[in-house]
Amino acid sequence: MSASNLLDKWQGVWFSCEFAQRQRAPDDGCKMFDDEGFTFTNGRLKYVRITESDETACRGEKVGQCFRRDRSAIAITSQDRGQLKMNSASFTVRFLGCKQLFYFNDTPDFREIWPDEDRCFWASKRRFYIAPFAGNVDFVD
């Protein structure tokens, strides 16, 4: 896969599916996003967070800690999480002096990401179920 195809595959802002669990995919097709997500751009992995949500249908009834995937626009903050190297079926993140390998698989509703068994101290066993946000994004760093 060419470098430009890899970039296209990861373009945009990706959010975790709200109703996924540590090792289980969401049961709603990822229609609701968690308030946390990622960008995979310019050779960097960045952690992002929505700044203003008043959604009440979040897991655990925690108001504002999720938002609907079909929302038209959001504002987010971001923090750098390390150097990123992409491959066709995996990527690595170098953060805090340790390089972590992650694998991924696409489904019709989301992308599943999981760490290699040889994990950095900052990486958990958690699987991430993420999908791209299609609306307008305002970065408010």
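Residues numbered from 1 in each chain as written. Predicted model: local features only at pLDDT ≥ 70, side-chain atom pairs only at ≥ 80, totals over all residues. Heavy atoms only, no water.

This paragraph deals with unusual backbone geometry. For C30, which is not glycine, the phi dihedral falls at a positive 65°. Along the chain, C30 falls in the loop between β1 (13-17) and β2 (32-41). Residue C30 is classed as buried on the basis of its relative accessible area, which comes to 0%. The phi torsion at E61 lies on the positive side, around 55°, for a residue other than glycine. Along the chain, the position of E61 falls in the loop between β3 (44-50) and β4 (66-68). (Helix = DSSP H or I, 4+ residues; strand = E, 2+ residues; numbered from the N terminus. Buried < 20%, exposed > 50% of the residue type's maximum accessible area, 1.4 Å probe, protein only.)

Let's shift gears to the pattern of salt bridges. Considering all chains together, one arrives at eight salt bridges under this definition. A salt bridge links D35 to R49, with the shortest nitrogen-to-oxygen separation between them at 2.9 Å. Placement of the pair is D35 in strand β2 and R49 in strand β3, with a sequence separation of 14 residues. Classification of R49 as partly exposed rests on a relative accessible area of 31%. One salt bridge connects R49 with E36, and the closest N-O pair in it is separated by 3.8 Å. Residue R49 is found in strand β3, and its partner E36 is found in strand β2; the two are separated by 13 residues along the sequence. Within the structure, one salt-bridge network assembled from shared partners comprises K9, D106 and R111. (Salt bridge = Lys/Arg side-chain N within 4 Å of Asp/Glu carboxyl O.)

As a further point, take the state of the cysteines. As used in these notes, a disulfide is a covalent bond between sulfur atoms, one from each of two cysteines. Summed over the entire model, instances satisfying the criterion amount to three disulfides. What pairs with C17 in a disulfide is C30, and their sulfur atoms sit 2.1 Å apart. Around the S-S axis, the bridge from C17 to C30 shows a dihedral of about -100° and counts as left-handed. Pair noted here: C17 is in strand β1 and C30 is in the loop between β1 and β2, with a separation of 13 residues, a long-range link. For the residue pair C17 and C30, the accessibility class agrees, reading buried in each case. At a sulfur-sulfur separation of 2.1 Å, the disulfide partner of C98 is C120. Residues C98 and C120 are joined through a disulfide that is left-handed, its torsion about the S-S bond being -90°. Taken together, the residues span a long stretch of sequence, with C98 in strand β7 (residues 98-106) and C120 in the loop between β8 (111-115) and β9 (128-132) at a distance of 22 residues. Note on C120: relative accessible area 4%, which makes it buried. For the protein chain, the disulfide bridges join cysteines in the arrangement 1-2, 3-4, 5-6, where the cysteines are counted in sequence order. (Disulfide = S-S within 2.5 Å.)

Turning our eyes to something else, we now look at the pairing of β2. The buried fraction of β2 amounts to eight of the ten residues, a majority that puts the element mostly inside the structure. When β1 meets β2, the two strands line up antiparallel, connected through four bridges. Counterpart to W14 in the pairing with β2 is F38. Sheet topology note: the β2/β4 ladder contains three bridges and is antiparallel. The residue bridging F33 from the neighbouring strand is F67, located in β4. (Pairing = 2+ DSSP bridges.)

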